[in-house]
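Here's the letter readout for the chains.
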Amino acid sequence: MPPKSPSTSIPSVRELLAGRVGEEMALNDRYLNPQLGRILRTLGFDRTWVGGEGAHLIDARGDRYLDLYGGYGVFAVGRNHPAVIAAVREVMDAHTANMPQLGVTLLSGVLAEQLLARAPASVAAMVPANTGTEAVEAAIKIARAATGRPRILYAEHAFHGLTLGSLSLNGNDEFRDGFGPLLPGCDAVAFGDLDGLRRELERGDVAAFVVEPVQGKGVNIPPADYLRGAQKLCRDAGTLFVCDEVQTGLGRTGRFLALEHWGLEPDMVCLSKALSGGIVPIGAVLVSRKAFDSVFDGMERAVRHGSTFGGNDVGAAAALATLAVLDSEGLVARSARSGALLLELTKPLQERYDVVREVRGLGLMWAIEFDPLASAGHANGNGNGSKPRGTGLWGRVERAQPGLFSQMVTVPLFTEHHILCQVAGHHMNVIKALPALVIEDDEIRRFANALDEVVAHAARAPAAVALSRFGLGVARRRALGRR
Ligand SMILES: Cc1ncc(COP(=O)(O)O)c(C=O)c1O
């Protein structure tokens, strides 16, 4: 092994970015996540990204890509919003007395004041955090301590983060497998099933039910009365009702908080992602006065939960600027309008193509779900609809590598149309979009047209094409019957 030679001078970031551009994949493969590198190369997503602006990413050739991935939904106000950058610069230039720890600072207090003013009256205090998962961890701990009960309920298919506590509330085995044993007392209920929830609550030992108002994995929108019903059942059972708005908050669904669609009054609301404009990590839990005071119930318990960087000045300054941008640019109402346009333009694909099972969305949280076995040509992979559904090559492909059909859509969207979007979870044929709320109507139209073209093409493509282009080795062998 060659000896490590630490550089002696401090490089300017600008020089570093210019001088070593193009090395990112080699560095990733050597030091970070080579399997991610393989995926990017297999799908052809291995671009050298050099910039971001509004709803776009910019590659080294200067080509602009419409970014519907949105950094997992953090860029609600758009990438590199000048007002958020200015606030971060300003707070750095102010040389504040950041994180005195045995002392308090102004900016996180103002942030709490502003967030609580926009939240339902049921929450009255803020516990700062740095990420979404950390906000969820705080909610789990607060719920247990406030109620003295051990169990936490979550919904099937839920995603609340990947640290051990939040992972224990994760409704997707592909994330959980291999990391157990997870937190005891965490149990799933079906999303939308009030009877199942009631049965669990009746045991009287549930501290909290933690739920995303719209589920991120798959963009699952709840039945109309579900969340209000769940809240009532929780109240009656003395269980805290926790809305995880890490992804749905900050205007994403056309309201500042998604819970406003149903007039919810939860005991806790988890926030993160878009809260700091996507510029710096941040998280927060808004907590009812009662729950807060029963956890932090004496001087000796004042710091029983927290984190070193929680409530730091840079995150708070970025968040305050983000809230101001949401207001001044009317982005919450714009999200509702733009989302309605996106749905209006893409919903007809449901009728136009058998392979499109559903197009759904709320504000600018949007998804299209495919059923690759639905069209006659795909029923058995050879255009002969006489065999039972799923027995042909598409059936075998979907069993060997579920979700492969989606890549037939995301890849040409990216390579031919310069549109970046994501598959909404492992093993699912759902493509999802979380664009910046500043996305222009023309870009929404461009996406809808490109999607129509790409789906039309994918709907005609034989399974063998998908396998040979995007099939991972094992899946390819299994689907073709080779070991
Ligand atoms: C609803 C929800 N909660 C929590 C998290 C975890 O957030 P983070 O990745 O910042 O830990 C996510 C991340 O996607 C999320 O969508």
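Remember, it's a predicted structure, so these values are computed and weren't measured experimentally. (Residues numbered from 1 in each chain as written. Predicted model: local features only at pLDDT ≥ 70, side-chain atom pairs only at ≥ 80, totals over all residues. Heavy atoms only, no water.)

**Some words on the pairing of strand 2 (residues 56–59)**
Rule in force here: Each residue is placed in one exposure class: buried if its accessible area under a 1.4 Å probe, protein chains only, is under 20% of its type's maximum, exposed if it is over 50%, and partly exposed if it falls in between. In this description a helix means any DSSP run of H or I spanning at least four residues, a strand means any run of E spanning at least two, and both kinds are numbered starting from the N terminus. In short, DSSP must find at least two bridges between two strands for them to pair.
The alternating pattern of strand 2 places His56 and Ile58 and Leu57 and Asp59 on opposite faces, both of which are buried. Hairpin connection between strand 1 (residues 49–53) and strand 2: a loop of two residues separates the two successive antiparallel strands, and Gly54 in this loop has a positive phi of roughly 55 degrees. The hairpin formed by strand 2 and strand 3 (residues 64–67) contains four residues between the paired strands, and Gly62 there has a positive phi angle of roughly 90 degrees.

**A look at the layout of surface pockets**
Applied cut-off: Only protein atoms enter the 1 Å grid, on which a cavity is a set of points fitting a 1.4 Å probe that cannot get out and a pocket is an open set with protein on both sides within 12 Å along at least 5 of 7 lines, lining residues being those with an atom within 4 Å of a point. Grid points are joined across faces, edges and corners, and a volume is the space filled by probe spheres set on the points. Each residue receives one of three labels: charged for Asp, Glu, Lys and Arg, nonpolar for Ala, Val, Leu, Ile, Met, Phe, Trp, Tyr, Cys and Pro, and polar for the others, Gly being one of them.
Of the pockets and cavities examined, the second largest pocket occupies roughly 750 Å³. Every residue lining the second largest pocket is counted, 23 residues in all, and those nearest its centre are Gly103, Val104, Ser108, Pro128 and Gly310. At the level of secondary structure, the elements contributing two or more residues to the lining of the second largest pocket comprise helix 6 (106–118) and strand 4 (125–129). A per-class count over the lining of the second largest pocket returns twelve nonpolar, eleven polar and no charged.

**Quick notes on the domain arrangement of the protein chain**
The condition that has to hold: Domain segmentation is taken from an automatic or database assignment of domains. Pairs of residues are marked as contacts when any of their non-hydrogen atoms sit within 4.5 Å. The term buried area denotes the loss of accessible surface (1.4 Å probe radius) that occurs when two parts are joined, taken as the sum for both partners. We define a salt bridge as a side-chain nitrogen of Lys or Arg found within 4 Å of a carboxyl oxygen belonging to Asp or Glu.
Domain assignment breaks the protein chain into domain 1 (47–77 + 332–480) and domain 2 (84–328). The C-alpha centroid of domain 2 is placed 30 Å from the C-alpha centroid of domain 1. In this complex, domain 1 contributes 26 residues to the contact, which on the side of domain 2 involves 29 residues. Of the roughly 2200 Å² buried at the junction of domain 1 and domain 2 (both faces included), carbon and sulfur atoms supply 66%. Across the domain 1-domain 2 interface, the total number found is zero salt bridges.

**Observations regarding the site of the ligand**
Our working definition: By convention in these notes, a residue is near a molecule or strand provided one of its non-hydrogen atoms lies within 4 Å of it. Two N or O atoms count as a polar contact when they lie within 3.5 Å, although within protein this holds only if one can serve as hydrogen donor and the other as acceptor, and sequence-adjacent residues are included solely when both atoms are side-chain atoms. Shrake-Rupley sampling with a 1.4 Å probe provides the accessible areas, and residues are treated as covered by the protein chains on show and by no other component.
Neighbouring the ligand are the residues Thr131, Gly132, Thr133, Phe159, His160, Gly161, Glu212, Asp244, Val246, Gln247 and Lys273. Interatomic distance of 2.8 Å between a side-chain N/O atom of Lys273 and an oxygen atom of the ligand. Protein burial of the ligand: of its 390 Å² of free accessible surface, 80% is covered by the chains. Looking at the shell around the ligand, its residues break down into two nonpolar, six polar and three charged.

**Observations regarding the environment of Ala146**
Among the secondary structure elements, Ala146 is positioned in helix 7 (residues 132–147). Taking the C-alpha atoms as reference points, Ala146 and Cys421, 275 residues apart in sequence, are found 40 Å from one another. Once residues within four sequence positions are removed from consideration, Ala146 is found in contact with Leu240, Ala291, Ser294 and Val295.

**Some remarks on the confidence of the model for the protein chain**
Basically, it comes down to this: Think of pLDDT as the predictor's per-residue confidence, scored from 0 to 100.
Taken residue by residue, the protein chain gives an average pLDDT of 92. The fraction at 70 or more is 92%. Across residues 376–386, where pLDDT falls below 50, the model places 29 contacts with residues more than four positions away in sequence or in other chains.

**Topic: the nonpolar core**
Note the threshold: Only buried residues count toward a nonpolar core. Its members are Ala, Val, Leu, Ile, Met, Phe, Trp, Tyr and Cys residues joined through side-chain atoms within 4.5 Å.
By size, the foremost hydrophobic cluster in this structure holds 108 residues, and its most contacted members are Phe209 and Val409. Residue contributions to this core peak at ten residues, all from helix 13 (residues 313–328). Residues from two domains meet in this core; each of domain 1 (47–77 + 332–480) and domain 2 (84–328) gives at least three. Sequence-distant contacts of Phe209, that is, excluding residues within four places in its chain, are made with Leu153, Tyr154, Ala155, Val189, Leu197, Tyr226, Ala230, Cys234, Thr239, Leu240, Phe241 and Val242. If you look at the next biggest cluster of nonpolar residues, it comprises 28 residues, including Leu169, Ala208, Cys270 and Phe296.

**Details of the pattern of salt bridges**
Pairs can form between side chains of opposite charge whenever their charged atoms are close. The tally for this structure, following the rule as stated, stands at 24 salt bridges. A salt bridge links Asp293 to Arg289; the shortest N-O distance between them is 3.1 Å. Separated by four residues within a single helix, Asp293 and Arg289 lie in helix 12 (residues 289–295), roughly one turn from each other. Residue class for Asp293 comes out partly exposed when judged on its relative accessible area of 37%. Where Arg357 meets Glu369, a salt bridge forms, and the shortest distance between an N and an O atom there is 3.1 Å.

**Observations concerning the sheet that holds strand 15 (residues 430–433)**
We apply this condition: Throughout, an axis means a line fitted to C-alpha atoms (over the contacting stretch in the case of helices), and angles, computed between N-to-C directions, take values from 0 to 180 degrees.
Judged by pairing direction, the sheet is antiparallel, and its four strands sit side by side in the order 11-12-15-14 without closing on themselves. A single partner strand is all that each edge strand has here, and the edge strands are strand 11 (356–362) and strand 14 (422–423). The sheet contact formed by strand 12 (residues 365–370) and strand 15 spans four bridges and is antiparallel. Each residue of the ladder has a partner; that of Glu369, found in strand 15, is Val430. Most of the contacts of helix 14 (residues 331–346) go to strand 11, to which it runs at about 170 degrees, and overall it touches strand 11 and strand 12.

**Remarks on helix 11 (residues 226–237)**
Stated formally: To estimate the expected span of a helix, count its residues, drop one, and scale the result by 1.5 Å.
An ideal rise of 1.5 Å per residue puts 16 Å on twelve residues; helix 11 measures up with 16 Å between its terminal C-alpha atoms. Regarding helix 11, the residues found buried are Tyr226, Leu227, Gly229, Ala230, Gln231, Leu233, Cys234 and Ala237. Each element contacted by the buried residues of helix 11 is listed here: helix 10 (194–201), strand 7 (206–211) and strand 8 (240–244). Directly beyond the C-terminal end of helix 11, a positive phi value near 70 degrees is found at Gly238.

**Here we look at the environment of Thr96**
Structurally, Thr96 is set in the loop between helix 5 (82–93) and helix 6. A C-alpha to C-alpha distance of 9.8 Å links Thr96 and Leu106, two positions ten residues apart in sequence. Not counting chain neighbours up to four residues away, the residues in contact with Thr96 comprise Val91 and Asp313. A polar contact is formed between the side chain of Thr96 and the side chain of Asp313, at a distance of 2.6 Å.

**Describing the side chain of Arg149**
For clarity, the cut-off: His is not counted here, nor are the chain ends, while Lys and Arg score as positive and Asp and Glu score as negative.
Topologically, Arg149 is positioned in the loop between helix 7 and strand 5 (151–155). One buried charge, Arg149, has no salt-bridge partner; the nearest side chain with opposite charge is Asp205, at 6.8 Å. A polar atom in the side chain of Arg149 sits 3.4 Å from the backbone oxygen of Gly238. A polar side-chain atom of Arg149 sits 3.3 Å from a polar atom in the side chain of Thr239. Beyond its immediate sequence surroundings of up to four residues, Arg149 is in contact with Arg144, Gly204, Asp205, Val206, Ala207, Ala237, Gly238 and Thr239.

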